[in-house]
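Remarks on the overall topology
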Amino acid sequence: MYLDTLKTTGDFLTITRENEFSLEPSQFILANGTEVKVIDTGVIEFSPNCKTTKDIVLSSAVHGNETAPIEICDQLIQQIIKGQLELKQRVLFIYGNPKSINIGQRFVDENLNRLFNGAHENRSENPEQVRAAKLESYVRTFFTSVEEGRYRAHYDLHTAIRGSKNEKFAVYPFLHGNPWKKSQLQFLLSCGVNTVLMMSSSATTFSYFSSRQFGADAFTVELGQVKPFGQNNMASFEATKQTLVALISQDEVEYKEFNASDFELFTVYRTINRTCEDFSFPFPDSAVNFTGFGKGELLATDGETQVFAEVDGEAIIFPNAKVALGQRALLTVIPMEVNENFV
Ligand SMILES: O=C(O)CCC(=O)N[C@@H](CCC(=O)O)C(=O)O
Ligand SMILES: [Zn+2]
């Protein structure tokens, strides 16, 4: 049984990596009264023994090779279990795809972050489809097993394949007409994230699932560029880590006063899917996210179809020519200002 090791080392990451597909649930109480529930491999819940008002999900390793967020969550979990970090809020940590961590790949059979919000339904043909269904049910139980009306948040932590002009940025899932929150932008700024992309359509991502199904303040947060374990400059994640520590260990957190000029905001202009085997970009792998193109410049070639920039400054995000057929190969964005849709 792993419990003795977990209690003494706090190393839930290693236990998760040693149990790629499942882990016997168990629970125990820390000396400070915090209840620890191991729900499955990679899924651990902490409930402090005090009045809490917030339910916070922190996920990483939805893509297994995105190691910096895994290291941040590993540090937080170890500090909590060792009693060095005392919680004031309920927290659910999730390592999304343990096997893909072990093989150092984005995914094993299928991109887990395209399987949420119903996309896995009636499909359990591969481990990622099975895992998506389980993760949805763990998040549902976490948010709904307590009284209604509590504050909910889910920060799904990633790193990007390419470099980015704006090193850290967040994706704000489509809110179906509900207003974007300035308070969330202030939280993100405190994390070192001043760039936010506003999505304009539904998605099958983990953050969209929590936003849509549970009204959580949810984001995909890109913290830098993908690096193997041990090669991350952890100093560049310190602001993010300290902001997360404050969120989970304080009753309320004060952020810097909102100032629109602190942010670079973008709205998604369009999504370009790969529909043909023969799909390519005219720019090299070294072209970074947020590179802008002039109207009429070639953005992608999908079989016989050439896709050209339609407006000056149309900028590329997440270009990936190797995605599965039918999936998003590229997002383009254009700048936007804070307007009446922000509260
Ligand atoms: O750098 C890349 O090409 C991908 C980085 C990544 O994993 N991004 C997420 C964004 C999810 C979202 O749109 O909210 C993903 O592609 O799943
Ligand atoms: Zn990712």
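Quick caveat: nothing in here was measured; it's all calculated off a predicted structure. (Residues numbered from 1 in each chain as written. Chains lettered and ligands numbered in written order. Predicted model: local features only at pLDDT ≥ 70, side-chain atom pairs only at ≥ 80, totals over all residues. Heavy atoms only, no water.)

1. Things to note about the domain arrangement of the protein
As assigned here, the protein comprises domain 1 (3-260) and domain 2 (269-334). Distance between the C-alpha centres of domain 1 and domain 2: 29 Å. The interface of domain 1 with domain 2 comprises 15 residues on the first partner and 18 residues on the second. Buried surface at the junction of domain 1 and domain 2, both sides included, amounts to about 1,300 Å², of which 58% is carbon and sulfur. The largest share of the area that domain 1 buries against domain 2 comes from R114, R162 and K165, three residues that together contribute 47% of it. (Domains from an automatic or database assignment. Contact = heavy atoms within 4.5 Å. Buried area = accessible area lost by both parts, 1.4 Å probe.)

2. Some details on the UniProt feature "domain: Succinylglutamate desuccinylase/Aspartoacylase catalytic" (unreviewed entry) in the protein
The positions UniProt marks with the feature "domain: Succinylglutamate desuccinylase/Aspartoacylase catalytic" (unreviewed entry) are residues 53-248. Here residues 53-248 runs as 35% helix and 20% strand, with 11 Å between its end C-alpha atoms. (UniProt positions renumbered as here; feature names shortened; annotations may be inferred. Helix = DSSP H or I, 4+ residues; strand = E, 2+ residues; numbered from the N terminus.)

3. A few points about helix 8 (residues 238-249)
An α-helical segment advances 3.6 residues per turn. Residues three or four places apart therefore align on the same side. If you check helix 8, its first and last C-alpha atoms are 16 Å apart, about what twelve residues at 1.5 Å a residue would give, namely 16 Å. Counting buried residues along helix 8, nine of its twelve residues qualify, which places the element largely inside the surrounding structure. What helix 8 keeps buried is the set T240, K241, T243, L244, V245, A246, L247, I248 and S249. On its buried face, helix 8 is in contact with strand 4 (54-60), helix 3 (67-81), strand 5 (90-95), strand 6 (151-160), helix 6 (182-190) and strand 9 (217-225). (Expected span 1.5 Å × (residues − 1). Buried < 20%, exposed > 50% of the residue type's maximum accessible area, 1.4 Å probe, protein only.)

4. Observations concerning the confidence of the model for the protein
Taken over all residues, the pLDDT of the protein has a mean of 97, while the share at 70 or more is 100%. Interface predicted TM-score (ipTM) for the complex: 0.97; the corresponding pTM is 0.97. (pLDDT = per-residue confidence, 0-100.)

5. As for the coordination of the zinc ion (ligand 2)
Those protein atoms acting as donors to the zinc ion (ligand 2) are H63 (ND1), E66 (OE), E66 (OE) and H158 (ND1), and they sit at 2.0 to 2.3 Å. All donors of the zinc ion (ligand 2) come from a single chain, and their spacing in sequence reads H-x2-E-x91-H. (Donors = N, O, S within 2.8 Å, 3.2 Å for Na, K, Ca; no water.)

6. Focus: the packing of helix 3 against helix 8
As a packed pair, helix 3 and helix 8 sit with axes 11 Å apart at the nearest point and diverge in direction by 40°. For the element pair helix 3 / helix 8, the angle class is oblique. For the element pair helix 3 and helix 8, the recorded crossing hand is right-handed. Together, I72, Q75, L76, Q79 and I80 of helix 3 and K241, L244, V245 and I248 of helix 8 make up the contact between the two elements. Broken down by class, the residue content of the contact of helix 3 with helix 8 amounts to six nonpolar, two polar and one charged. (Axes fitted to C-alpha atoms, helices over the stretch in contact; angles between N-to-C directions. Parallel < 35°, antiparallel > 145°, perpendicular 65-115°, else oblique. Left-handed = near helix turned anticlockwise from the far one by under 90°. Nonpolar A, V, L, I, M, F, W, Y, C, P; charged D, E, K, R; others polar.)

7. Observations regarding the packing of aromatic side chains
Under the definition given, this model contains 19 aromatic pairs. For the pair F143 and F214, a centre-to-centre distance of 5.5 Å together with 45° between the ring planes defines the contact as tilted. Placement of the pair is F143 in helix 5 (residues 127-144) and F214 in helix 7 (residues 206-214), with a sequence separation of 71 residues. (Phe/Tyr/Trp six-rings, centres within 6.5 Å; stacked < 30°, edge-to-face > 60°.)

8. A closer look at the nonpolar core
Judged by nonpolar contacts, the single largest core of 56 residues is most densely connected at L6, I44, F46, F93, Y95, Y155 and L188. Here this core takes eight residues from helix 3, the largest share from any one element. Setting aside anything within four residues of it in sequence, one finds F93 in contact with G42, V43, I44, F46, L58, C73, L76, I77 and I80. Formed by 18 residues, the second largest nonpolar core is a distinct cluster that contains V57, V62, L115 and F116. (Core = buried A, V, L, I, M, F, W, Y, C linked by side-chain atoms within 4.5 Å.)

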